[in-house]
Amino acid sequence: MLEGRLANRVALVSGAARGQGRAHAVRLASEGADIVAFDLPEPMAWIPYEVGTKEDLAETVRLVEAQGRRIVAGAADVRDGAAVQAIVDEGIAVLGPIRVVVA
């Protein structure tokens, strides 16, 4: 049986490729949650700083799985409702209903 405050829960995390989003995904996993994660891992001309990459998102997946948890992750721009919904739908189909959201 899983232990932790979030055992058998599913959490949705945006911006999960690096930084706070990654930290939240890994911490939630350490508390027993499975994770549905997304980020837009590609440069955007109007953002003056380095953004996450596909490799960064893959590292988040690795870190969550290292906690013994499952993760469904994908690339989506938070401004694209259909793309986000597609990842959410896949996550629900694989992991179950989402009970925690960190956006």
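Heads up: the structure comes first, above all this text.
Residues numbered from 1 in each chain as written. Predicted model: local features only at pLDDT ≥ 70, side-chain atom pairs only at ≥ 80, totals over all residues. Heavy atoms only, no water.

Draft legend 1. Expanded view of unusual backbone geometry. Here the phi dihedral of asparagine 8 falls at roughly 65°; this positive angle occurs in a residue that is not glycine. With respect to the helices and strands, the residue asparagine 8 is situated in the segment before strand 1 (10–14). (Helix = DSSP H or I, 4+ residues; strand = E, 2+ residues; numbered from the N terminus.)

Draft legend 2. Examining the pairing of strand 3 (residues 71–75) more closely. Across five bridges, the pairing between strand 2 (residues 34–39) and strand 3 is parallel. Paired with valine 36 across the strands is valine 72, a residue of strand 3. Each parallel crossover has a hand, and the one from strand 2 via helix 2 (residues 54–66) to strand 3 is right-handed. (Pairing = 2+ DSSP bridges. Right-handed = clockwise from strand over helix to strand, strands pointing away.)

Draft legend 3. Highlighting helix 1 (residues 19–30). With twelve residues, helix 1 extends 17 Å between its outermost C-alpha atoms, agreeing within 8% with the 16 Å of an ideal straight helix rising 1.5 Å per residue. Against strand 1, strand 2, helix 2 and strand 4 (100–102) lie the buried residues of helix 1. (Expected span 1.5 Å × (residues − 1). Contact = heavy atoms within 4.5 Å.)

Draft legend 4. Focus on the sheet that holds strand 1. Reading across from one edge, 3-2-1-4 is the order of the four strands in this open sheet, with parallel pairing throughout. At either margin of the open sheet sits one strand with a lone partner, and together these are strand 3 and strand 4. The average angle at which neighbouring strand axes cross in this sheet is 10°, direction not considered. Against the sheet, helix 1 makes contact with strand 1, strand 2 and strand 4, and its axis sits at roughly 170° relative to strand 1, the strand it touches most. (Axes fitted to C-alpha atoms, helices over the stretch in contact; angles between N-to-C directions.)

Draft legend 5. Region of the structure containing the pattern of salt bridges. Under the counting rule described, the total for this entry stands at six salt bridges. As a salt-bridge pair, glutamate 31 and arginine 5 come within 3.4 Å of each other at their nearest N and O atoms. Of the two residues, glutamate 31 sits in the loop between helix 1 and strand 2 while arginine 5 sits in the segment before strand 1, which places them 26 residues apart along the sequence. Accessibility expressed as a relative area gives 15% for glutamate 31, which makes it buried. For arginine 70, the salt bridge is made with aspartate 34, and the minimal N-O distance between the two is 3.0 Å. Note that arginine 70 is positioned in the loop between helix 2 and strand 3 and aspartate 34 in strand 2, a separation of 36 residues in sequence. When salt bridges that share partners are traced, they join Arg5, Arg27 and Glu31 into one network. (Salt bridge = Lys/Arg side-chain N within 4 Å of Asp/Glu carboxyl O. Buried < 20%, exposed > 50% of the residue type's maximum accessible area, 1.4 Å probe, protein only.)

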